[in-house]
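Residue-level listing of the chains:
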Amino acid sequence: MIKIRNLTKYYKNIHALKGICLHVPEGELFAYLGPNGAGKTTTIRILTGLTQLSSGDAWLNGFHIHQHTLDAKRQCGLVPQSVNLDQELTVYENLDVHGRLFHMPSEKRKEKIHELLTYIDMEDRKDTPARQLSGGMKRRVMIARSLVHSPKVLFLDEPTVGLDAGIRRRIWALIKKIQQNGTTIFLTTHYIEEAEFLADRVAFLDEGKIVANDTPQKLMARLGEWAIDRIADNEMNTVYFETREAAGTYSPEQHESFTLRRVNLEDAFLSLTGKKVSGKAPGQKEKS
Amino acid sequence: MKGWSAVYYRELLILRRRLSRMLASMSVSPLLYLIAFGYAMGGHVRVEGYSYTEFLIPGLVAMSSMTQAFGIASEINISRFYWHIFEEFQAAPISNRAYVCGEVLAGMTRALIAVAVILTLGLFFGVFLSYTPLFWLAVLLNSFIFASLAVAVAMLVKSHADQAMVSNFIITPMAFLGGTFFPVERLPEWAQGILFLLPLTHAAKSVRAAAFGQTPSLFSYLLLFLAGCICFTIALRCVNRARD
């Protein structure tokens, strides 16, 4: 469904993407994980036609994004990171303008908008101006808007950034529902639990390069199943164990505090890059 | 070209929502000009055989059609820099031509509304001119030029400050010197030579001639058409520049 070959992007002297290669099959929910500035948004912007690539190739549902730009655009829906609803227009009008931009006939457009407003549980808000909606509602409308033209691929760029935990979970449920309807989803996030909960497969992006690409389970299994975070002398290290029993044999040093927990994607990212997804690692890593 | 109507429709929705505020704001400047220059200062002045108010109204028509058509640049910039709505257009399967057409038509629509406001105000000042097809053609060509220029500028500027600078250095001087308030022929020849190159000078002349029931110069119409086509082509080329 999404195929990327040697994708590079330069912004003047900055090498933002360094030869990205990816294949996302139909129906998959693919998470693209990395810290700020890793190149996640740049990849999405290139794939959706907002930014021009420097070199390489990419196809969406078989359409080359450069050679068949308009056909490629028809295949995808985009929910960008920043809210880009028309604040002066109502919820319905925002969706309606989108449908018109994708050349949908009037009857089909009305039907689809009605269906989507029910889908996101906002039928009663259709005549509310976008500016009067809460942050979570705006996100839901943006997701609905991206689905008006029934795209084959949905790009979600940090869809839950800035939302509280309850609303975030509601958005996750909506994303899962969209995937169950057969849409391929390409999601960028730096929320570890978001990728773990949603993704069928995860790629780690660091400084414009993909450093790992696998299922969340396999990425985490490389380290073991359990981790102990030890804090001693103001330094935090993490030790990994295959089993809980093995972790139980851990004996702390004097003046050391420690916490036992399950290994997560953050650990996998840290072990590959030496960085946290949300910033630099606070201490050195260890592996048992 | 598919998709231009969606861009235009979105602008019309916004225009409809703001219509009462826009009508009020479009009336203020022309009303002040008519009171200050037409009624108070120029009450007994005659220019080219017409009362100054009669002379002024076609000039205001040309000027307002320019400023209102160019005003679409600010709207595009707000969409681009604050609301990021431009991304919605960029991600849609529409060509640059469709996008530019939609925005230019929106600019021209604003210009026509502004002209209607001035003509209505003119009636209150007892001015009844001849609003022939040639009058409207000149208005349309003038607004076509400046709406196209507005799209080009909106795609090139990096901030609102840049936008304000373009307005201050290009639009405002043209508004005052392009034959709106006085005949360009009253200026020295060298200045006339410069002003002859400005589209607004030709628009004001054509609008005025048509409004006075005279035959406007075909050359001016051709020049306005040519300037419009050039600005439209520049706007098309600038849309890609707006992508990073």
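Since this is a predicted model, take the numbers as computed values, not measurements.

Novice: Which parts of the structure should I look at to understand the sheet that holds strand β5 (residues 63-64) of chain A?
Specialist: Sheet strands associate in pairs through backbone hydrogen bonding, adopting either a parallel or an antiparallel arrangement. Residues and elements named next belong to chain A. With respect to topology, four strands assemble into an open sheet ordered β2-β1-β4-β5, the strand pairing being antiparallel. Both outer strands of the open sheet, β2 (14-24) and β5, are each paired with one neighbouring strand and no more. Strand direction decides the pairing type here: strand β1 (residues 2-11) and β2, joined by eight bridges, are antiparallel. By the bridge assignment for β2, Thr8 is matched with Lys18. Against the sheet, helix α1 (residues 40-47) touches β1, β2 and β4 (55-60), its axis set at about 115° to β1.

Novice: So what exactly am I meant to see when it comes to unusual backbone geometry here?
Specialist: Glycine aside, negative phi is the norm for most residues, and most peptide bonds take the trans geometry. Residues and elements named next belong to chain A. Even without glycine at this site, Glu158 takes up a positive phi of about 50°. Mapping Glu158 onto the fold places it in the loop between β7 (153-157) and α6 (165-180). Although it is not a glycine, Glu207 sits at a positive phi angle of roughly 50°. As for its position among the elements, Glu207 is in the loop between β9 (201-206) and β10 (209-214).

Novice: I tried to follow the pattern of salt bridges on my own but got confused; where do I start?
Specialist: All names here are of chain A. Counted under the stated rule, the structure contains 24 salt bridges over all chains. A salt bridge links Arg74 to Asp71; the nearest nitrogen and oxygen atoms lie 2.7 Å apart. In this pair, Arg74 and Asp71 both sit in helix α2 (residues 69-75), three residues apart, roughly one turn of the helix. Judged by relative accessible area, which is 29%, Asp71 ranks as partly exposed. Of the charged contacts in the structure, one is a salt bridge between Arg170 and Asp121, with a shortest N-O distance of 3.5 Å.

Novice: Quick question: what am I supposed to make of the environment of Asp214 of chain A here?
Specialist: Looking at the element boundaries, Asp214 of chain A is found in strand β10. Asp214 of chain A sits 38 residues away from Lys176 of chain A along the chain, and the two C-alpha atoms are 19 Å apart.

Novice: Can you help me understand the sheet that holds β9 of chain A in this one?
Specialist: Residue and element names in this part refer to chain A. Strands sit in the order β6-β7-β8-β3-β9-β10 across an open sheet of six strands; the sheet is mixed. Across the chains shown, the open sheet's two edge strands, defined by having one partner strand only, are β6 (76-79) and β10. Along the sheet, successive strands turn relative to each other by an average axial angle of 15°, direction set aside. Here β7 pairs with strand β8 (residues 184-189) via five bridges, running parallel. Within β8, the position partnered with Asp157 by the bridge is Thr188.

Novice: Is there a simple way to think about the side chain of Arg140 of chain A in this case?
Specialist: Here Arg140 of chain A is to be found in helix α5 (residues 135-147). When sequence neighbours within four positions are dropped, the list of residues in contact with Arg140 of chain A reads Ile120, Asp121, Met122, Arg170, Ile171 and Leu174 of chain A.

Novice: How should helix α7 (residues 160-177) of chain B be read in this particular structure?
Specialist: Quick reminder: α-helices carry 3.6 residues per turn. Residues three or four places apart thus point the same way. Residues and elements named next belong to chain B. Here α7 spans 25 Å end to end across 18 residues, near enough to the 26 Å set by a 1.5 Å rise per residue. A maximum bend of about 35° is found in α7 at Asn168. What α7 keeps buried is the set Gln163, Val166, Ile171, Met174 and Ala175. For α7, the elements touching its buried residues are α2 (52-70), α3 (72-82), α6 (133-156) and α9 (199-211). For α7, the N-terminal capping position is held by Ser159, with its side-chain oxygen 3.3 Å away from the main-chain nitrogen of Ala161. Taken from the residues just after α7, Gly179 is the one with a positive phi, measuring 90°.

Novice: Honestly, the domain arrangement of chain A in this entry has me stumped. Any pointers?
Specialist: One widely used convention gives an interface's size as the accessible area the parts lose upon coming together. Residues and elements named next belong to chain A. When cut into domains, chain A gives domain 1 (2-214) and domain 2 (218-280). Of note, the centres of domain 1 and domain 2, computed from C-alpha atoms alone, are 33 Å apart. Across the boundary between the two partners, domain 1 contributes 16 residues, which contact 14 residues of domain 2. Carbon and sulfur atoms make up 73% of the area that domain 1 and domain 2 hide from each other, which totals about 1300 Å². Area buried by domain 1 at its contact with domain 2 is led by Ile192, Phe204 and Asp214, which between them contribute 43% of it. Joining domain 1 to domain 2, the criterion identifies one salt bridge. Taking the shortest distance from any N to any O, the salt bridge between Asp214 and Arg222 comes out at 3.8 Å. Remark: the boundary between domain 1 and domain 2 carries one residue pair in polar contact (both at pLDDT 80 or more). Elements represented by at least two residues in the side of domain 1 that touches domain 2 include exactly α7 (192-198), β9 and β10. Sort the elements by how many residues they give to the side of domain 1 that touches domain 2 and β9 lands first, with four residues. When the residues that make up the side of domain 1 that touches domain 2 are grouped by side-chain class, the tally is nine nonpolar, three polar and four charged.

Novice: I'm lost on the interface of chain B and chain A in this one. Help?
Specialist: On the chain A side, the residues contacting the 26 residues of chain B number 31 residues. Interface of chain B and chain A: buried area, both sides summed, is about 2700 Å²; carbon and sulfur atoms make up 54% of it. At the junction of chain B and chain A, the tally comes to six salt bridges. For Glu88 of chain A, the salt bridge identified is with Arg18 of chain B, shortest N-O distance 2.4 Å. Viewed at the interface, chain A and chain B are joined by 10 residue pairs in polar contact (both at pLDDT 80 or more). Mapped by element, the contributors of at least two residues to the side of chain B that touches chain A are α1 (4-41) and α4 (86-91) of chain B. A breakdown of the residues in the side of chain B that touches chain A according to their chemical character gives 12 nonpolar, four polar and 10 charged.

Criteria and thresholds
Each chain has its residues counted from 1, running along the sequence as written. Lettering for chains starts from A, numbering for ligands starts from 1, and both go in the order in which the items are written. Residues qualify for local features only when their pLDDT is at least 70, as the model is predicted, and side-chain atom pairs are given and counted only at 80 or more; totals for whole chains, interfaces and linings, by contrast, use all residues. Note that water and hydrogens are dropped before the side-chain values are worked out from all heavy atoms of the structure. Between any two strands, pairing holds if DSSP finds at least two bridges. Helix and strand definitions follow DSSP, with helices as H or I runs of at least four residues and strands as E runs of at least two, each counted in order from the N terminus. A contact between two residues is defined here by any heavy atoms of the two lying within 4.5 Å. Angular values range over 0 to 180 degrees, each being the angle between N-to-C directions of two axes fitted as lines to C-alpha atoms, with helices fitted over their stretch in contact. In what follows, salt bridge is the name for a side-chain nitrogen of Lys or Arg lying within 4 Å of a carboxyl oxygen of Asp or Glu. When accessible area is computed with a 1.4 Å probe and restricted to protein chains, residues below 20% of their type maximum are described as buried, those above 50% as exposed, and intermediate ones as partly exposed. Given a helix with a known number of residues, its expected span is that number minus one, times 1.5 Å. We define the bend at each residue as the angle formed by axes fitted to the 7 residues ending at it and the 7 residues starting at it. Identification of polar contacts relies on pairs of N or O atoms within 3.5 Å, with a donor-acceptor requirement for protein atoms, meaning one able to donate a hydrogen and the other able to accept it, and with residues adjacent in sequence counted only if both atoms are side-chain atoms. Where each domain starts and ends follows an automatic or database-derived domain assignment. The term buried area means the drop in 1.4 Å probe accessible area that two parts suffer when joined, counted for both and summed. In this classification, Asp, Glu, Lys and Arg are treated as charged, Ala, Val, Leu, Ile, Met, Phe, Trp, Tyr, Cys and Pro as nonpolar, and every other residue, Gly included, as polar.

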